[in-house]
Amino acid sequence: SLEEYSSQHGDCNVPLGREEHRRLGTWVSTQRTLKSKGELPQERVERLERIGFVWDPNNAAWEEMFSSLEEYNSQHGDCN
């Protein structure tokens, strides 16, 4: 289940290409697609969000790296 995966891996970002989690990865991708089309019921959106589901993992990764850059900048006074 997604809750088990999250417990073991610390997130809900199940990779699509991994054979061991192929079915779950496909399901996770489908949930993201349904939400982006406005076709995922709000109750399901809320249930997924309660377990830390990230709707846009690429944006989440960008935000994490930007935050790291801000921290570096505050410590070193530059972004180099």
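Refer to the structure above for everything that follows.
In what follows, the accompanying structure is described. Note that the coordinates shown come from a computational prediction; the quantities given were computed from them, not determined experimentally.

Rules of the game
Residues numbered from 1 in each chain as written. Predicted model: local features only at pLDDT ≥ 70, side-chain atom pairs only at ≥ 80, totals over all residues. Heavy atoms only, no water. Helix = DSSP H or I, 4+ residues; strand = E, 2+ residues; numbered from the N terminus. Rg over C-alpha atoms; globule rule 2.2 N^0.38 Å. Buried < 20%, exposed > 50% of the residue type's maximum accessible area, 1.4 Å probe, protein only. Contact = heavy atoms within 4.5 Å. Areas by Shrake-Rupley, 256 points an atom, 1.4 Å probe, with all protein chains shown as cover. Lys, Arg positive; Asp, Glu negative; His and termini not counted. Charge placed at Lys NZ, Arg CZ, Asp CG, Glu CD. Patch = residues over 30% accessible without salt bridge, like charges linked within 9 Å, V, L, I, M, F, W, Y side chains within 5 Å. Salt bridge = Lys/Arg side-chain N within 4 Å of Asp/Glu carboxyl O. 1 Å grid on protein atoms, 1.4 Å probe; cavity = no way out; pocket = protein on both sides within 12 Å on 5 of 7 lines; lining within 4 Å. Points joined across faces, edges and corners; volume = space filled by probe spheres on them.

Here's the deal with the overall build of the protein chain
Here is step 1: For the protein chain, the count of helices and strands is four helices and zero strands.
Here is step 2: If you list the helices and strands of the protein chain from N to C, you get α-α-α-α.
Here is step 3: Computed over the C-alpha atoms, the radius of gyration of the protein chain is 16 Å, more than 25% above the 12 Å expected from 2.2 N^0.38 for a compact globule of 80 residues.
Here is step 4: By residue count, 20% of the 80 residues in the protein chain fall in the buried class.
Here is step 5: A fraction of 25% describes how many contacts in the protein chain between residues 6 or more apart in sequence connect residues 24 or more apart.
Here is step 6: Accessible surface, the protein chain as shown: approximately 6200 Å² in total, 45% of it carbon and sulfur.
Here is step 7: The average position of the 9 basic charges and that of the 15 acidic charges among the side chains of the protein chain differ by 11 Å.

Looking at a nonpolar patch on the surface
Here is step 1: A cluster of nonpolar side chains, contributed by W62, F66, L69 and Y72, occupies part of the molecular surface with about 380 Å² of accessible area.
Here is step 2: By the element assignment, W62 lies in helix α4 (residues 57-76).

As for the pattern of salt bridges
Here is step 1: Applying the stated criterion across every chain, the model contains three salt bridges.
Here is step 2: Residue E19 is joined to R22 by a salt bridge in which the shortest nitrogen-to-oxygen separation is 3.2 Å.
Here is step 3: Salt-bridge contacts for R47 lead to E43; the nearest nitrogen and oxygen are separated by 3.8 Å. Within this pair, R47 and its partner E43 are both found in helix α3 (residues 42-50), separated by four residues, close to a single helical turn.
Here is step 4: Residue class for R47 comes out partly exposed when judged on its relative accessible area of 49%.

Examining the layout of surface pockets
Here is step 1: Looking at the largest pocket, its volume works out to about 270 Å³.
Here is step 2: Forming the walls of the largest pocket are S1, L2, E3, W27, Q31, L40, R44, R47, L48, R50 and I51.
Here is step 3: When residues of the lining of the largest pocket are traced back to their parent elements, those giving at least two are α1 (2-9), α2 (22-36) and α3.
Here is step 4: Residue contributions to the lining of the largest pocket peak at four residues, all from α3.

Digging into the environment of L40
Here is step 1: Summarising the element assignment, L40 is placed in the loop between α2 and α3.
Here is step 2: By relative accessible area, which is 8% here, L40 ends up buried.
Here is step 3: For the pair L40 and T30, spaced 10 residues apart in the sequence, the C-alpha separation amounts to 9.7 Å.

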